[in-house]
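Here's the letter readout for the chains.
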Amino acid sequence: MKKTFYKKIILAGMLLFSIKGLAQKKFLLGIKAGLDIPNLTAGGGDNPVSQGWSSRLGPYFGAVAEYAVSKKFALQAELNYSSQGGKKNGKQAIPTSNFTNNPPPGTPEYVYVNIKSQTRLNYIELPVMAKLSMPIGKANTFFVMAGPYFGYLVAAKEIARGTSNVYADENEQYPLLPQAIPLDNTQDVKSDIKKFNTGIQGGIGVSLRVPGGSIMLTAGGNYGFIPIQKNKNNGQNNTGAANITIGYLLRL
């Protein structure tokens with residue numbers, strides 16, 4: 001009886017040791033943080049609201065889980081808070097429908113103002129990427145990764161700053177007001193943006209071995225396949241961002 005009992009304890013201990021050793025070789029968990037440089041690209045058509053966007057800056061951070069299939073190949077999943085959107089500086093179009101639902105006959109479809117504006121979109125994103133690593137020396141590696149991502153919109157704001165007249169034409173030759181007016185405004189536009197997005201994400205970087213895990217330096221980006229506006233009068237734009245991050249992965 002005692003021998004059988006001791007054998008079971010030894011076998012259980014060996015099994016736990018083997019599982020622990022396997023996990024140490026295959027699983028890493030960690031965090032990362034850095035800078036997002038998002039922009040909005042025109043998704044087709046000639047809508048002037050879709051044009052004229054440039055990059056803005058925002059935070060980018062999240063959690064990382066990696067499973068090593070082999071020494072060179074791994075699967076990496078992340079859960080990130082991602083800044084998206086863009087900004088405009090100068091002449092920009094505004095749909096006339098934003099001001100009235102029943103414009104008089106002959107009213108232009110768009111009016112123009114000359115201000116600074118910014119659209120801030122924040123998403124929770126879940127990318128799942130294939131990761132190929134190549135050794136650099138004895139302990140460090142260079143890696144390339146790519147795969148799909150899925151995003152959920154958590155916040156959306158439009159911020160306008162400046163003073164301008166409102167013009168009936170793109171060349172600003174026909175002002176609609178006696179004089180320029182202040183157009184400072186911050187507006188929640190979450191209801192105008194689609195909640196879900198999907199696209200592709202990728203990056204390159206280096207992994208530096210440290211005691212207990214590794215430090216990961218990554219330069220990458222993503223691109224959303226779905227035009228984000230619910231109403232085409234507000235433009236047809238796709239999200240996209242470049243990002244730079246530093247992360248720490250703990251070997252389990």
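On a predicted model such as this, the values are computed, not experimentally measured, just so you know.

Definitions and limits used
- Residues numbered from 1 in each chain as written.
- Predicted model: local features only at pLDDT ≥ 70, side-chain atom pairs only at ≥ 80, totals over all residues.
- Heavy atoms only, no water.
- Helix = DSSP H or I, 4+ residues; strand = E, 2+ residues; numbered from the N terminus.
- Areas by Shrake-Rupley, 256 points an atom, 1.4 Å probe, with all protein chains shown as cover.
- Patch = residues over 30% accessible without salt bridge, like charges linked within 9 Å, V, L, I, M, F, W, Y side chains within 5 Å.
- Salt bridge = Lys/Arg side-chain N within 4 Å of Asp/Glu carboxyl O.
- Buried < 20%, exposed > 50% of the residue type's maximum accessible area, 1.4 Å probe, protein only.
- Contact = heavy atoms within 4.5 Å.
- Polar contact = N/O pair within 3.5 Å; in protein donor to acceptor, adjacent residues only side chain to side chain.
- Core = buried A, V, L, I, M, F, W, Y, C linked by side-chain atoms within 4.5 Å.
- Pairing = 2+ DSSP bridges.
- pLDDT = per-residue confidence, 0-100.
- Phe/Tyr/Trp six-rings, centres within 6.5 Å; stacked < 30°, edge-to-face > 60°.
- Lys NZ or Arg CZ within 6 Å of the ring centre and 35° of its normal.

A. Focus on the overall build of the protein. Counting its regular elements, the protein contains one helix and eleven strands. Along the protein, helices and strands appear, N-terminal first, in the series α-β-β-β-β-β-β-β-β-β-β-β. As presented, the protein carries roughly 14,600 Å² of accessible surface, and 64% of it is formed by carbon and sulfur atoms.

B. Structural detail: a nonpolar patch on the surface. A cluster of nonpolar side chains, namely Phe27, Leu29, Tyr67, Val69, Phe73, Leu75, Tyr248, Leu250 and Leu252, defines an oily patch on the protein surface of about 750 Å² accessible area. Those elements that place two or more of their residues in the nonpolar patch are β1 (27–42), β3 (73–95) and β11 (237–251). Note that Phe73 resides in strand β3.

C. Local environment of the environment of Glu125. With respect to the helices, strands and loops of the structure, Glu125 is situated in strand β4 (residues 110–136). A relative accessible area of 1% places Glu125 in the buried class. When the C-alpha atoms of Glu125 and Phe196 are compared, they prove to be 9.8 Å apart, with 71 residues separating the residues in sequence. The contacts of Glu125, once residues within four sequence positions are left out, are Glu78, Leu79, Asn80, Ser82, Gln84, Tyr149, Phe150, Gly151, Gln201 and Asn222. Engagement of the side chain of Glu125 in a polar contact is seen with the side chain of Ser82, the distance being 3.3 Å.

D. Layout of the nonpolar core. If you look at the biggest cluster of nonpolar residues, it comprises nine residues: Leu40, Trp53, Leu121, Tyr123, Leu153, Ala156, Val189, Ile193 and Ile228. Secondary-structure elements contributing two or more residues to this core are β4 and β5 (140–161). Once residues within four sequence positions are removed from consideration, Ala156 is found in contact with Arg120, Leu121, Gln187, Asp188, Val189, Lys190 and Ile193. Core analysis: the second largest hydrophobic core is formed by seven residues, Leu28, Met129, Met216 and Leu249 among them.

E. Structural context of the pattern of salt bridges. Under the counting rule described, the total for this entry stands at two salt bridges. The residue Lys32 makes a salt bridge to Glu78 at a minimum N-O spacing of 2.6 Å. Note that Lys32 is positioned in strand β1 and Glu78 in strand β3, a separation of 46 residues in sequence. Each member of the pair Lys32 and Glu78 is classed as buried. Residue Lys131 pairs with Glu66 through a salt bridge whose shortest N-O separation is 2.8 Å. Highlighted residues: Lys131 in strand β4 and Glu66 in strand β2 (residues 58–68), separated in sequence by 65 residues. Overall, Glu66 belongs to the buried group, its relative accessible area being 12%.

F. Local environment of the side chain of Asn243. Along the chain, the position of Asn243 falls in strand β11. Residue classification places Asn243 among the buried positions, given a relative accessible area of 5%.

G. Layout of the pairing of β3. Bridging between β2 and β3 involves nine bridges; their strand directions are antiparallel. Paired with Ala63 across the bridge in β3 is Leu79. The sheet contact formed by β3 and β4 spans 21 bridges and is antiparallel. Considered in β4, the bridge of Gly86 is made with Thr119.

H. Main features of the confidence of the model for the protein. A residue-level look at the protein finds 89% of positions with pLDDT of 70 or above and a mean pLDDT of 89. Across residues 5–24, where pLDDT falls below 50, the model places three contacts with residues more than four positions away in sequence or in other chains.

I. Highlighting the packing of aromatic side chains. Evaluated as defined, the whole model comprises four aromatic pairs. A centroid spacing of 6.2 Å and a plane angle of 65 degrees characterise the contact between Tyr223 and Phe225, whose relative ring orientation is edge-to-face. Over the aromatic face of Trp53 sits the side chain of Lys88, whose NZ or CZ is 4.5 Å from the ring centroid. When the ring centre of Phe143 is taken as origin, the NZ or CZ atom of Lys131, which lies over that ring, is 4.3 Å away.

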